Amino acid sequence: MNDDVRNIVLGLVATGISASLGWLARTHLWRRKLRRKQAFFGLPDHAESLLVVNRNAGGPELSVMRHDVFALLELSALIKDCNAHAQVVAHDATRQGFGERTEFCLGGPASNRRMEAHLSSLLPGVQVNAEAEAGPEQGKFRVGGEDYRMEGGRSEYVLLARLTAGGRSEARPVFLFCGQRAVTNQAATRYLARHHERLARKYGTGSFVLLLKVVNSQAYGPDVVELVADVTRAARTPLPEAASADAAA
């Protein structure tokens, strides 16, 4: 074997080794990214999860709002990426606690009993005006004493939360998408899909409650979303009036 042939062979071997090392490095990074995503969502390989949906008010028995369907599609893609499975369950057909399976719960308390229960037990610092004839106060959020009113199609709010049972990080989380309108539920799921890596870096597998603002949904749909504030502490602290009522009782 002369020098030219030997150099060609050595070059091919070096290229092969470099390609193999590059493939191994990319695979390692991909697997690490996947494990972090699975940990954040509480969805290891082949895990089961629940998609809890509200019903379209006044609609057929199994009717779901169009934007909520789109939200389910966003979440289904995330669950599939984690190599996990999902079961869609109506809010009034869910009869179990949480912590055993990851749960994604969509809709406000007016149309989702499961959401109403979660807000009452997990987020006592949040009040939602669920009265159908409340006028400009309809759908108003009160978080830690601050009020957030809806201007339909222009300025609307949604709570995006990741919570664990009893604050235990090893428990499977429940994700809440509690919006003033169906389009805001979809906006929150899209925000989670786009920013879950940043949220995982900031919060790890801990709990958080974010207040999001959907801007001009009549023109932009669920795409333009602003982070108003991290309201975790306020949302998990009972409101003064509620604490006073409990003390009086």
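Structural data are supplied above this passage.
Peer 1: Where do I start with unusual backbone geometry in this structure?
Peer 2: One can expect most non-glycine residues to show negative phi and most peptide bonds to be in trans. For H46, which is not a glycine, the phi torsion comes out positive at approximately 65°. Here H46 is to be found in the loop between α1 (3-41) and β1 (48-53). What makes H46 exposed here is its relative accessible area of 61%.

Peer 1: Could you clarify how one ought to interpret a positive patch on the surface in this entry?
Peer 2: On the surface, R32, R36, R198, R201 and K202 cluster together into a patch of positive charge. When residues in the positive patch are grouped by element, the largest group, three residues, is from helix α4 (residues 182-203). Among the secondary structure elements, K202 is positioned in helix α4.

Peer 1: Which parts of the structure should I look at to understand the packing of aromatic side chains?
Peer 2: Centre-to-centre distance and the angle between the planes together describe a pair of aromatic rings. Within the structure shown, the criterion is met by eight aromatic pairs. Put simply, the rings of F40, F41, F104, F175, Y203 and F208 touch in pairs and so form one group of aromatic residues. Directly above the ring of F40 sits R162, whose terminal nitrogen or CZ lies 5.4 Å from the centroid.

Criteria and cut-off values
Residues numbered from 1 in each chain as written. Predicted model: local features only at pLDDT ≥ 70, side-chain atom pairs only at ≥ 80, totals over all residues. Heavy atoms only, no water. Helix = DSSP H or I, 4+ residues; strand = E, 2+ residues; numbered from the N terminus. Buried < 20%, exposed > 50% of the residue type's maximum accessible area, 1.4 Å probe, protein only. Patch = residues over 30% accessible without salt bridge, like charges linked within 9 Å, V, L, I, M, F, W, Y side chains within 5 Å. Areas by Shrake-Rupley, 256 points an atom, 1.4 Å probe, with all protein chains shown as cover. Salt bridge = Lys/Arg side-chain N within 4 Å of Asp/Glu carboxyl O. Lys, Arg positive; Asp, Glu negative; His and termini not counted. Charge placed at Lys NZ, Arg CZ, Asp CG, Glu CD. Phe/Tyr/Trp six-rings, centres within 6.5 Å; stacked < 30°, edge-to-face > 60°. Lys NZ or Arg CZ within 6 Å of the ring centre and 35° of its normal.

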